[in-house]
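Listed below are the residues making up each chain.
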Amino acid sequence: MNKIPKTTEKTIQFDRQVLTYQITRKKVKNLNLRVRKDGTIAVSAHPDIPEEEIENFLRRKKDFILRALKEFTEFDYYSTKRKRYISGESFLILGRSLRLKVLAGEKESLTEDGVFIYLTVKDPTDFSRKERLIKRYLNDRCVLVFTEILKEVYQPFQKYDVPFPTLKIRKMQTRWGSCLPKKGIVTLNSALLAAPRHCIEYVVLHELCHFLQPNHSRQFYLLLTVFMPNWRERKTLLDKNVAFWL
């Protein structure tokens, strides 16, 4: 019978700040660190690694830990701050912050010029109507942008007899994308619309590579590198800004 990994809580002091972290002892080759969105700091380590070595590891990662905690704290603040759909609010689309301008007019419309989103409504105080129009606009942009990128990234997969997949879009809490190769489905997180286009291309390619390599094996990453030599840089940018794009 496999033993259940043992998890204990410890504290470490960075300057004047005392942080609590969790250590899970299990048979892993390297020390692994994860800062979760809820602010939990988790470390996995082999049972033979002394606690002093783990503390030294965390001190070397001090800047990363503090930066991640700050980003997730800011994300928690802004994510709970509900949009009011008034002039001056910002919407992040393809890595660019667009400012909303709400205008009064008999004919409803929504356009953008790369700097502003112009929303024209009969009653600028009608919150529900503005919310529906903005959400419909963002959903339409997701379909348009994601479909266009999927068609472009898919092209080299044709020679491997990979059928063009069905695209699904939904809000996901922990993933940028997922796929069901046997059913020919690629699902993308609607929050990806906020990310730069080249980051979305990486996510789409990642999922398409699973149609040829179902797991994250060495062969999978070799395939990913063949199709996109700079995928690591794109992934790093995506991960670095995860707190603001999710």
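Check the entry above for the structure.
Rules used in this analysis
- Residues numbered from 1 in each chain as written.
- Predicted model: local features only at pLDDT ≥ 70, side-chain atom pairs only at ≥ 80, totals over all residues.
- Heavy atoms only, no water.
- Pairing = 2+ DSSP bridges.
- Helix = DSSP H or I, 4+ residues; strand = E, 2+ residues; numbered from the N terminus.
- Axes fitted to C-alpha atoms, helices over the stretch in contact; angles between N-to-C directions.
- Contact = heavy atoms within 4.5 Å.
- Buried < 20%, exposed > 50% of the residue type's maximum accessible area, 1.4 Å probe, protein only.
- Salt bridge = Lys/Arg side-chain N within 4 Å of Asp/Glu carboxyl O.
- Parallel < 35°, antiparallel > 145°, perpendicular 65-115°, else oblique.
- Left-handed = near helix turned anticlockwise from the far one by under 90°.
- Nonpolar A, V, L, I, M, F, W, Y, C, P; charged D, E, K, R; others polar.

### A word on the sheet that holds strand β2 (residues 17-25)
An order of β1-β2-β4-β3 is seen for the 4 strands of this open sheet, with the pairing classed as mixed. Edge strands, defined here as strands with exactly one partner in the open sheet, are β1 (6-14) and β3 (32-35). On average, adjacent strands in this sheet sit at an angle of 25° to one another, irrespective of strand direction. For β1 and β2, the ladder comprises 9 bridges, and the chain directions are antiparallel. Note on β2: the bridge partner recorded for I12 is L19. Helix-sheet contacts for helix α1 (residues 51-60) involve β1, β2, β3 and β4 (41-45), and the interaxial angle to β1 is about 50°.

### Let's talk about the side chain of T187
Counting through the fold element by element, T187 comes out in strand β11 (residues 185-189). When residues no more than four places from it in sequence are discounted, the contact partners of T187 are K168, R170, M172, W176, G177 and S178.

### Describing unusual backbone geometry
With phi around 55°, L94 is a residue other than glycine that occupies positive phi space. With respect to the helices and strands, the residue L94 is situated in the loop between β5 (90-93) and β6 (96-104). Overall, L94 belongs to the partly exposed group, its relative accessible area being 25%. Its identity as a non-glycine residue notwithstanding, D161 has a phi of 60°, on the positive side.

### Considerations on the pattern of salt bridges
According to the stated counting rule, one finds 11 salt bridges in the structure shown. With its nearest N and O atoms 2.7 Å apart, the salt bridge here joins K235 to D239. Separated by 4 residues within a single helix, K235 and D239 lie in helix α6 (residues 231-240), roughly one turn from each other. Each member of the salt-bridge network shares a partner with another, and the members are E148, E152, R197, E201 and R234.

### Here we look at the pairing of β5
Alternating residues of β5 divide into F91 and I93, all buried, and S90 and L92, none buried. Across 4 bridges, the pairing between β5 and β6 is antiparallel. Bridging from a neighbouring strand, S90 pairs with R99 of β6. Count of turn residues in the β5/β6 antiparallel hairpin: 2 residues, of which L94 carries a positive phi of about 55°.

### Comments concerning the packing of helix α4 (residues 197-209) against α6
One way to put it is that α4 packs onto α6 with a least axis distance of 9 Å and a crossing angle of 110°. One element, α4, and the other, α6, form an angle in the roughly perpendicular class. When you trace α4 past α6, the crossing you get is left-handed. Judged by residue contacts, H198, C199, E201, Y202 and V203 of α4 engage W231, R234, K235, L237 and L238 from α6. In the contact of α4 with α6, the residues fall into 6 nonpolar, 1 polar and 3 charged.

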